[in-house]
Amino acid sequence: MIRTVVLDVGETLTKDDRYWAAWADWLRVPRHTLSALVGAVVVDGRDHADALRLLKPGLDVSAEYAAREAAGRGERLDESDLYDDVRPALSALREMGVRVVIAGNQTTKMGDLLRALKLPADLVVTSAEWGVAKPSPDFFHQVVGAALAPPHETLYVGDHPQNDVFPAVTAGLLTAHLRRGPWGHWWADDETVQRTAAYSIDSLLDIPSLVNPSWRKGSPRRSGSPD
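It should be emphasised that the depicted structure is a prediction, and the values quoted were computed from it without experimental measurement. (Residues numbered from 1 in each chain as written. Predicted model: local features only at pLDDT ≥ 70, side-chain atom pairs only at ≥ 80, totals over all residues. Heavy atoms only, no water.)

**Side note on the overall build of the chain**
Applicable threshold: In this description a helix means any DSSP run of H or I spanning at least four residues, a strand means any run of E spanning at least two, and both kinds are numbered starting from the N terminus. The atom set for the radius of gyration is the C-alpha atoms, and the globule formula is 2.2 Å times the number of residues raised to the power 0.38. Each residue is assigned to one of three classes by its accessible area relative to the maximum for its type, calculated with a 1.4 Å probe on protein chains only: buried under 20%, partly exposed between the two thresholds, exposed over 50%. A contact between two residues is defined here by any heavy atoms of the two lying within 4.5 Å. Note on charges: Lys and Arg go in the positive column, Asp and Glu in the negative column, and His and the chain ends are not counted at all. By convention, the point assigned to a charge is CZ for Arg, NZ for Lys, CD for Glu and CG for Asp.
Regarding its fold elements, the chain presents 12 helices and 6 strands. Taking 17 Å as the expected radius of gyration for a compact globule of 227 residues, we find that the chain reaches 17 Å, a close match to that expectation. Projecting the C-alpha coordinates of the chain onto the three principal axes gives extents of approximately 50 × 35 × 30 Å. Looking at the chain residue by residue over its 227 residues, the buried ones come to 48%. In the chain, the proportion of contacts linking residues at least 24 apart, taken out of those at least 6 apart, comes to 58%. Distance between charge centroids for the chain: 3 Å, based on 25 positive and 31 negative side chains.

Here it is as structure tokens:
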């Protein structure tokens, strides 16, 4: 039984196009250059901020973020940043009586921007608001508390193996690895990821059928099961 679904944000609910484009423009490099470096850190399994540090070794990302905000070129988010399946999938889960929590590695400002979208969710919270970020076990301790359900009845959905799948499993949560975005696509067929995640999905619209297989015809492949 899945009573609560907790979802990551970047490349799970939102596209990162605006995020990386804004950084490239701020650092005055071609957007394609930064995109290529993002790909490099994805393949290496490194922190995504390393793509910025490859452009400018020793870069203080937090200081640059503050400078962008002060210059009026900080974070922005609107409906166009959401993937098309977000609202229908979350609405379906709410209609099924499932608690929906959005929790990812974002700033306090991004938390406000997400809540302003009025998504079909019971709780929207960010790592900055909790004071602890993924992949720290403390983040997932907070997830368990926010879920209001036992860990084995809570599904954490995300695209990033090191930040989402592995630490969530360590915390006793069910996990669904989403084939979306650079991390999601590159690591989707990795044997360790497939072995670790309870489910491998291609869309958020696959989630309701994990809760109730009769929700629609067909269901996503469960990791480790025959095709």
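**A few points about the pairing of strand E3 (residues 123–126)**
For clarity, the threshold we go by: A pair of strands is considered paired only if DSSP assigns at least 2 bridges between the two. Handedness rule for crossovers: strands pointing away from the viewer, path from the first strand over the helix to the second running clockwise, crossover right-handed.
Bridging between strand E2 (residues 99–104) and E3 involves 4 bridges; their strand directions are parallel. By the bridge assignment, Ala 103 is partnered in E3 with Val 125. In terms of handedness, the path from E2 via helix H6 (residues 108–116) over to E3 forms a crossover that is right-handed.

**Considerations on the nonpolar core**
Here is the rule: The definition of a nonpolar core used throughout is a set of buried Ala, Val, Leu, Ile, Met, Phe, Trp, Tyr and Cys residues joined through side-chain atoms within 4.5 Å.
Formed by 30 residues in total, the largest nonpolar core has its most connected members in Val 5, Leu 7, Leu 155, Val 157, Leu 204 and Ile 207. Those elements giving two or more residues to this core turn out to be strand E1 (4–7), helix H5 (86–95), E2, H6, strand E4 (154–158), strand E5 (174–178), strand E6 (199–201) and helix H12 (207–211). The element that contributes the greatest number of residues to this core is H5, accounting for 4 residues. Ranked by size, the runner-up nonpolar core spans 17 residues in total, among them Trp 23, Ala 49, Leu 59 and Trp 187.

**A look at the packing of helix H1 (residues 17–27) against helix H2 (residues 31–44)**
Worth spelling out the cut-off: Fitted lines through C-alpha atoms give the axes, limited to the stretch in contact for helices. The angle between two N-to-C directions lies from 0 to 180 degrees. For classification, angles of less than 35 degrees are called roughly parallel, those exceeding 145 degrees roughly antiparallel, those between 65 and 115 degrees roughly perpendicular, and all remaining angles oblique. Each crossing gets its handedness from the near helix: less than a right angle anticlockwise from the far helix is left-handed, clockwise is right-handed. Gly is placed with the polar residues, together with every amino acid not listed as nonpolar (Ala, Val, Leu, Ile, Met, Phe, Trp, Tyr, Cys and Pro) or charged (Asp, Glu, Lys and Arg).
Remark: H1 packs on H2, axes separated minimally by 9 Å, with the N-to-C direction vectors making an angle of 120°. Put simply, H1 runs oblique to H2. Regarding H1 and H2, the two cross each other, and that crossing is right-handed. Between H1, through Trp 20, Ala 21, Trp 23, Ala 24 and Asp 25, and H2, the contact on the second element is made entirely by Arg 31, Leu 34 and Val 38. Looking at side-chain class alone, the contact of H1 with H2 contains 6 nonpolar, no polar and 2 charged residues.

**A few points about the packing of aromatic side chains**
In plain terms, the rule: Two aromatic rings, drawn from Phe, Tyr or Trp (for Trp, its six-membered ring), form a pair once their centres lie within 6.5 Å of each other, and the interplanar angle then sorts them: stacked below 30 degrees, edge-to-face above 60, tilted otherwise. Here, over-ring charges are defined by two tests on the NZ atom of lysine or the CZ atom of arginine: distance to the ring centre within 6 Å, and angle to the ring normal within 35 degrees.
Per the stated rule, a full pass over the model turns up 4 aromatic pairs. Seen in terms of ring centroids, Phe 140 and Tyr 156 are 5.4 Å apart; in terms of plane orientation they differ by 70°. Their pairing is edge-to-face. Linking Phe 140 in helix H8 (residues 137–147) with Tyr 156 in strand E4, this pair joins segments that are 16 residues apart in sequence. Each member of the pair, Phe 140 as well as Tyr 156, carries the same accessibility label: buried. Three or more aromatic residues joined by ring pairs form one cluster here, namely Trp 130, Phe 139, Phe 140 and Tyr 156. When the ring centre of Trp 23 is taken as origin, the NZ or CZ atom of Arg 68, which lies over that ring, is 4.7 Å away.

**Quick word on the environment of Arg 53**
By the element assignment, Arg 53 lies in helix H3 (residues 50–55). Arg 53 sits 16 residues away from Leu 37 along the chain, and the two C-alpha atoms are 9.7 Å apart. Not counting residues within four places of it along the chain, the set of residues in contact with Arg 53 comprises Asp 47, Leu 59 and Val 61.

**What about the sheet that holds E5?**
Taken together, the 6 strands give an open sheet; going across it, the order is E3-E2-E1-E4-E5-E6, and neighbouring strands pair in parallel fashion. Every other strand in the sheet has two partners, leaving E3 and E6 as the edge strands with one partner each. Averaged over all neighbouring strand pairs, the angle between strand axes comes to 20°, with direction disregarded. Taken together, the 3 bridges between E5 and E6 define a ladder with parallel strand orientation. Directly across from Leu 178, in E6, lies its bridge partner Ile 201. Relative to the sheet, H5 contacts E1 and E2, its axis offset from that of E2 by approximately 140°.

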